[in-house]
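Below are the chains, spelled out letter by letter.
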Amino acid sequence: MDKTTTGWIYGLTGVVIFSGSLPATRVAVMDFDPLFLTVARAAIAGLLGLGLLFAFREKRPTRGDITSLIIVALGCVVGFPLLTALALKHVTSAHSIVFIGLLPLATAIFGVLRGGERPRPAFWIFSLLGSALVCSYALTQGVSASPVGDLLMLAAVIVCGLGYAEGAVLSRRLGGWQVICWALVLSLPVTIALCFMTMPHSIAGIGGPAWLGLIYVSLFSMLIGFVFWYRGLAQGGIAAVGQLQFLQPFFGFALAAALLKESVSWSMLVVTLAVVACVAGARKFAH
């Protein structure tokens, strides 16, 4: 199996894992404060990452890697989780998942800016078409319903795309799981301090589903998913493998409907399927 195909397999595995992030976050913020959820998931994953780095005796990043790790931490460890948690106070997970369809374009753009990749012009046509479909759908839902939630999701997509691309470039030197672990460890002093400052005064009123949501986003969304995702981006190409994120809304809709009993309209499904159809075309012209 060639390196590109392996990269796509790793990338798809990461996407499947990430697809459960927004539904899990939606459940968790029903009982947890969004800021606490953000720092708690990062702190839990950071402690696990520290254990992994110590167990495998990984060498420390060089001074030149620190800036990239800070970007990864700000984009993926803090920025995206916090912004999406805040957004999910205003919109449903099914609605927010649609915005994830913008991530392939954001990741590809930062892949060019930070990773030096140069996809062919036809690639951008397919990527822009997929993103336009997502934006059009969001506009038809009426931004007046929750402009705050939509703007927060858009900001989350931008910082996440930057974190994905930066982490993928760094993974070529440090390795996929090492990058997310070091970014989490770098954030530990802040996330642990904020965790204690924002923790609930009592856990009596926190239900089981919220705890399960916290466990999922801490273990899978914040750590395991990135192990597969960064390795996939590094091996298969940031712009190319990044297009797999077009599949994330489809998986996310299914989870939102099955687990949260949220309604998934026909228009949501049509937009998702149309966006997924852009993946094949974008992949063909990614290199």
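Values in this document were obtained by computation on a predicted structure and should not be read as measured data.

**What about the side chain of T107?**
- The residue T107 is located in helix α6 (residues 103-115) in this model.
- Exposure remark for T107: the relative accessible area of 0% places this residue in the buried category.

**Observations regarding the side chain of S127**
- Among the secondary structure elements, S127 is positioned in helix α7 (residues 121-140).
- Judged by relative accessible area, which is 0%, S127 ranks as buried.
- Beyond its immediate sequence surroundings of up to four residues, S127 is in contact with P104, L105, Q243 and F246.

**What to know about the pattern of salt bridges**
- This model, assessed by the stated rule, comprises three salt bridges.
- A salt bridge links D65 to R173; the shortest N-O distance between them is 2.8 Å. Taken together, the residues span a long stretch of sequence, with D65 in helix α4 (residues 63-87) and R173 in helix α8 (residues 147-174) at a distance of 108 residues.
- E166 is the salt-bridge partner of R114, the closest N and O atoms lying 2.6 Å from each other. In this pair, R114 sits in helix α6 while E166 sits in helix α8, placing the two residues 52 residues apart along the sequence.
- When its relative accessible area of 42% is taken as the criterion, R114 is described as partly exposed.

**Some details on the nonpolar core**
- Ranked by internal contacts, the top residues of the largest apolar core, which has 75 residues, are F32, V77, Y164, F226 and Y230.
- Broken down by element, the residue count for this core peaks at 11 residues, all from α8.
- Aside from chain neighbours lying at most four places away, what touches Y164 is F18, C76, L103, T107, F226, W229, Y230, L233 and Q245.

**Overview of unusual backbone geometry**
- Positive phi is not limited to glycine here, since R57 has a value of about 50°.
- Mapped onto the fold, R57 is located in the loop between α3 (34-55) and α4.

**So, the environment of I224**
- Position of I224 among the secondary structure elements: in helix α10 (residues 208-236).
- Assessed through its relative accessible area of 27%, I224 is described here as partly exposed.
- Sequence-distant contacts of I224, defined by excluding residues within four places in its chain, comprise I17 and L219.

Basis of the calculations
- Residues numbered from 1 in each chain as written.
- Predicted model: local features only at pLDDT ≥ 70, side-chain atom pairs only at ≥ 80, totals over all residues.
- Heavy atoms only, no water.
- Helix = DSSP H or I, 4+ residues; strand = E, 2+ residues; numbered from the N terminus.
- Buried < 20%, exposed > 50% of the residue type's maximum accessible area, 1.4 Å probe, protein only.
- Contact = heavy atoms within 4.5 Å.
- Salt bridge = Lys/Arg side-chain N within 4 Å of Asp/Glu carboxyl O.
- Core = buried A, V, L, I, M, F, W, Y, C linked by side-chain atoms within 4.5 Å.

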